[in-house]
Amino acid sequence: MGPGEVAAILFGVFAVLVILRVPVAFALGLAVVPVFFISERLTPVLLLREMFKSYNAFVLLAVPFFLLAANLMNSAGITDRLIKLARAMVGHLPGGLGHVNVVVSMLFAGISGSSTADAAGIGSLLIPQMKKQGYDTSFAVAITACSSVMGVIIPPSILMVIWGGLMSVSIGGLFLAGVVPGILIAGSQMIVVYIYAKRRGFPVDTRATFMELLAAIFAATLALMTPLIIVGGIVGGFFTPTEASVVAVVYSLFLGVAVYRSVKPTEIPKVLYESARFAALSLFCIGTASAFGWCLAFFKIPAALVAQIEMMGLGVIGTGVMCALAFLLIGMFIDAVPAIIILGTVLFPVTQHVGMHPIHFAIIGVVSLGFGLVTPPYGLCLLITASIGEIRMIDALRDVLIILIPMVGVLLFIIVAPDVILALPRLIMPKYIQ
Amino acid sequence: MRALLDGYYRLLKLLLTLLMGVLIIPVSMQILSRYTGIIPRYIWTEEIARFCFVWIILIGAMIAVRDGTHFDVDVLPHSSNPLVELIMKLITHVAILAVALTFIRYGYDFGILGSRQRSEISGLPMLSIYIAWPIAGVTWLLFLIEKFWDIFADYNKERSLGSR
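(A) Quick peek at the overall build of chain A. Secondary structure summary: chain A contains 22 helices and 0 strands in total. Taking 434 residues into account, the globule formula puts the C-alpha radius of gyration at 22 Å, and chain A, at 22 Å, falls close to it. Dimensions of chain A along its principal axes, counting C-alpha atoms only, are 75 × 45 × 45 Å. A fraction of 79% describes how many contacts in chain A between residues 6 or more apart in sequence connect residues 24 or more apart. Of the roughly 15500 Å² of accessible surface on chain A, a fraction of 70% belongs to carbon and sulfur atoms. Of note, chain A has its 22 positive side-chain charges centred 5 Å away from the centre of its 17 negative side-chain charges.

So, in structure tokens, the structure goes:
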């Protein structure tokens with residue numbers, strides 16, 4: 001059988017099962033089973049072997065640890081300290097709490113590597129406050145979900161760890177390359193909040209005094225050290241990403257239990273369990289997605305795709321737009337992690353062929369998949385914030401789309417301006433990035 | 001029966017919590033041994049961490065089948081007809097059952113393979129890791145029997161309410 005037929009079986013079975021509400025991880029696993037009976041040389045034991053090989057990667061250990069660190073920070077009340085800081089910084093602008101929401105997401109993104117922890121932690125504190133101050137619930141839900149997207153773009157980022165581990169791209173380089181897009185997205189969202197505030201007459205808080213600002217900065221200093229420790233540790237070559245994630249866990253435990261004394265030791269098992277279970281869900285997907293990707297590679301489907309796209313004669317920008325569209329589309333339906341494994345590894349040779357920098361490709365992929373966190377039917381962050389705001393996902397959709405428009409502009413900018421994205425990694429880690 | 005499953009489910013939860021806590025130790029040891037002289041440099045820390053990690057993933061996946069929290073995509077509209085909903089639920093669970101049976105059937109071969117191998121660094125028998133797959137298969141099978149029971153019980157209850 002040729003690559004075309006096998007691709008049709010793999011993607012066909014997968015799509016039908018997912019539409020029938022079969023969990024994504026199981027749909028991926030089931031789609032590969034028939035393919036293993038096509039050739040005498042294949043056996044379904046390969047499914048288990050590929051799963052084991054994908055889990056047996058030291059770098060992936062960073063995923064549960066980054067999640068654990070973020071959850072510990074949430075239960076230590078660090079989110080609350082960051083909100084107070086953001087409030088002292090931007091609370092007096094028109095649409096105060098909207099700006100606070102964006103800024104606190106940016107700060108929290110520098111501490112955690114996950115958008116869902118961001119959406120849950122910030123949403124549960126800020127959405128009720130915004131409702132009380134008279135913001136539309138749909139806007140509060142939408143801005144919380146959209147700003148949490150920065151969690152995977154601003155370093156550290158779980159998606160970048162997975163991407164770097166999978167495609168052998170420098171994770172330190174990816175982290176540095178995420179800084180500029182993250183700041184641009186925050187800026188674009190603050191502009192949207194400003195326009196909303198002017199048109200809908202959102203309330204304005206009184207400006208914090210200089211002393212209040214200083215006090216807020218002081219209260220949050222220890223928490224804000226986290227990104228320096230993690231990113232500095234990795235970029236400076238002191239830790240591997242996995243070790244940095246454990247340092248983040250130990251540091252947040254130290255802050256929560258010893259310094260702020262806001263985490264009771266009896267609460268820790270629950271946080272451990274919640275983090276492990278949530279991490280296991282996306283990691284389990286990695287296993288079956290890897291088997292799926294292995295089948296694609298075995299039947300030379302990526303190579304066939306490269307040949308197809310070569311005929312279209314796209315340049316770096318054209319290929320970038322195509323990749324972004326593909327990631328946006330798949331991100332609407334499945335979780336970012338299996339999307340990276342299936343689509344990322346298929347498109348990687350295509351982008352290499354046209355001479356796109358691996359870090360540039362990774363940032364396009366991660367940002368596009370970040371949008372998938374807030375687009376239905378499968379938008380995890382929007383689901384979380386909508387349930388906190390007690391509205392249906394559909395009701396927040398209009399505001400989400402409005403906030404997304406300038407973010408798409410940022411994505412286009414990322415595609416056409418690789419040099420801006422690569423400037424920071426080139427400056428700080430010139431040895432690793434040509 | 002259900003009490004047994006509940007106990008087994010709690011045991012899995014406890015194991016998952018313990019493994020996650022334990023996982024911090026080998027990685028911290030690695031850092032400590034590199035930057036301080038307190039403990040010698042063990043090379044097995046990395047391998048042990050990876051193997052705990054494999055078990056964390058599979059135990060988490062076992063638990064999530066009983067919770068029904070594996071990620072799925074809700075695109076099809078829900079029907080108010082209990083029969084249609086029954087069929088939809090059955091399809092989902094039969095698909096998970098098919099994966100469970102695949103894990104049991106081929107997990108056996110995988111386990112045989114593992115019984116002949118030892119790990120590269122610490123020399124652990126690979127069976128101790130590979131066996132997680134058939135165990136996941138059997139665990140899902142048990143949880144699915146309970147699920148099928150509940151699905152039919154719900155359907156019968158709803159039908160008897162509807163016919164009244």
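(B) Up close: the interface of chain B and chain A. At the junction of the two partners, chain B supplies 57 residues and chain A supplies 53 residues. Taken together, the two surfaces of chain B and chain A that pack against each other cover about 5100 Å², and 80% of this comes from carbon and sulfur. Three residues, Met20, Phe71 and Val73 of chain B, lead the burial of chain B against chain A; their summed loss comes to 16% of the area buried on that side. Put simply, chain B and chain A have 1 salt bridge between them. In this structure, Asp67 of chain B engages Arg277 of chain A in a salt bridge whose closest nitrogen and oxygen atoms are separated by 2.5 Å. In this assembly, chain B and chain A are joined by 5 residue pairs in polar contact (both at pLDDT 80 or more). Within the residue set of the side of chain B that touches chain A, elements represented by two or more residues are helix 1 (2-35), helix 2 (44-67), helix 3 (82-115), helix 4 (127-130) and helix 5 (132-163) of chain B. At 15 residues, helix 2 of chain B tops the list of elements feeding residues into the side of chain B that touches chain A. Class assignment of the residues belonging to the side of chain B that touches chain A gives a composition of 37 nonpolar, 11 polar and 9 charged.

(C) Representation of the packing of aromatic side chains in the model. Summed over the entire model, instances satisfying the criterion amount to 26 aromatic pairs over all chains. Ring centres of Tyr55 of chain A and Trp133 of chain B lie 6.1 Å apart, and the angle between their planes is 15°; this geometry places the pair in the stacked category. Here Tyr55 of chain A is found in helix 3 (residues 45-55), whereas its partner Trp133 of chain B is found in helix 5 on a different chain. On the accessibility criterion, Tyr55 of chain A (0% relative accessible area) is buried. Note on Trp133 of chain B: relative accessible area 0%, which makes it buried. Arranged with centres 6.5 Å apart and planes meeting at 15°, the rings of Tyr135 of chain A and Phe139 of chain A form a pair that is stacked. The exposure classification of Tyr135 of chain A matches that of Phe139 of chain A, with both residues buried. Members of the aromatic cluster, joined through ring pairs, are Phe52 and Tyr55 of chain A together with Phe110, Tyr130 and Trp133 of chain B. Positioned above the aromatic ring of Tyr9 of chain B, the side-chain terminus of Arg66 of chain B is 4.9 Å from the ring centre. For the cation-ring pair, Arg105 of chain B lies above Tyr106 of chain B, with the distance from its terminal atom to the ring centre recorded as 4.7 Å.

(D) The packing of helix 7 (residues 115-132) of chain A against helix 20 (residues 380-389) of chain A, seen in detail. Residue and element names in this part refer to chain A. Where helix 7 meets helix 20, the closest approach of the two axes is 9 Å, and the angle between their N-to-C directions is 30°. Relative to helix 20, the element helix 7 is oriented roughly parallel. Helix 20 is crossed by helix 7, and the crossing has right-handed handedness. Where helix 7 approaches helix 20, its residues Ser115, Thr116, Ala119, Ala120, Gly123, Ser124, Ile127 and Lys131 are matched on the opposing element by Leu380, Cys381, Ile384, Thr385, Ile388 and Gly389. Considering only residue class, the contact of helix 7 with helix 20 consists of 7 nonpolar, 6 polar and 1 charged.

(E) Region of interest: the pattern of salt bridges. Residue and element names in this part refer to chain A. Tallying each qualifying case throughout the model produces 15 salt bridges over all chains. Of the charged contacts, one joins Arg200 and Asp399 as a salt bridge, the two residues approaching to 3.7 Å between their closest N and O atoms. Taken together, the residues span a long stretch of sequence, with Arg200 in helix 12 (residues 179-200) and Asp399 in helix 21 (residues 393-416) at a distance of 199 residues. A residue is classified by how much of its surface remains accessible, and Arg200, at 35% relative accessible area, is partly exposed.

(F) Just the state of the cysteines, in detail. Across all of its chains, the model carries 0 disulfides over all chains by this definition. Left without a disulfide partner, Cys381 of chain A is nearest to the cysteine sulfur of Cys146 of chain A, which lies 9.4 Å away.

(G) Structural view of the side chain of Ser148 of chain A. All names here are of chain A. Tracing the backbone shows Ser148 in helix 8 (residues 137-148). Separated by 2.6 Å, the side chain of Ser148 and the backbone oxygen of Ala145 make a polar contact. Those residues within four positions of Ser148 in sequence are excluded, and the remaining contacts are Ser105, Ser115, Asp118, Ala119 and Cys381.

(H) Region of the structure containing unusual backbone geometry. Residue and element names in this part refer to chain A. A cis amide bond, omega -10°, links Pro155 with the succeeding residue Pro156. Among the secondary structure elements, Pro156 is positioned in the loop between helix 9 (150-153) and helix 10 (158-167). In this model, Ser168 sits at a positive phi of 50°, which is unusual for a non-glycine residue. Mapped onto the secondary structure, Ser168 falls in the loop between helix 10 and helix 11 (171-177). A residue is classified by how much of its surface remains accessible, and Ser168, at 69% relative accessible area, is exposed.

(I) Spotlight on the confidence of the model for chain A. Averaged over all residues, the pLDDT of chain A is 88; the fraction at 70 or higher stands at 99%. Per-residue pLDDT, averaged within each element of chain A, yields its smallest value for helix 16 (residues 301-312) of chain A (82) and its largest for helix 19 (residues 358-371) of chain A (94).

(J) Broad picture of helix 12 of chain A. For helix 12 of chain A, built from 22 residues, the straight-helix expectation of 32 Å at 1.5 Å per residue is met to within 8% by its first-to-last C-alpha distance of 32 Å. With its phi angle positive at about 65°, Gly201 of chain A sits one or two positions after the end of helix 12 of chain A.

Rules behind the numbers
Residues numbered from 1 in each chain as written. Chains lettered and ligands numbered in written order. Predicted model: local features only at pLDDT ≥ 70, side-chain atom pairs only at ≥ 80, totals over all residues. Heavy atoms only, no water. Helix = DSSP H or I, 4+ residues; strand = E, 2+ residues; numbered from the N terminus. Rg over C-alpha atoms; globule rule 2.2 N^0.38 Å. Contact = heavy atoms within 4.5 Å. Areas by Shrake-Rupley, 256 points an atom, 1.4 Å probe, with all protein chains shown as cover. Lys, Arg positive; Asp, Glu negative; His and termini not counted. Charge placed at Lys NZ, Arg CZ, Asp CG, Glu CD. Buried area = accessible area lost by both parts, 1.4 Å probe. Salt bridge = Lys/Arg side-chain N within 4 Å of Asp/Glu carboxyl O. Polar contact = N/O pair within 3.5 Å; in protein donor to acceptor, adjacent residues only side chain to side chain. Nonpolar A, V, L, I, M, F, W, Y, C, P; charged D, E, K, R; others polar. Phe/Tyr/Trp six-rings, centres within 6.5 Å; stacked < 30°, edge-to-face > 60°. Buried < 20%, exposed > 50% of the residue type's maximum accessible area, 1.4 Å probe, protein only. Lys NZ or Arg CZ within 6 Å of the ring centre and 35° of its normal. Axes fitted to C-alpha atoms, helices over the stretch in contact; angles between N-to-C directions. Parallel < 35°, antiparallel > 145°, perpendicular 65-115°, else oblique. Left-handed = near helix turned anticlockwise from the far one by under 90°. Disulfide = S-S within 2.5 Å. pLDDT = per-residue confidence, 0-100. Expected span 1.5 Å × (residues − 1).

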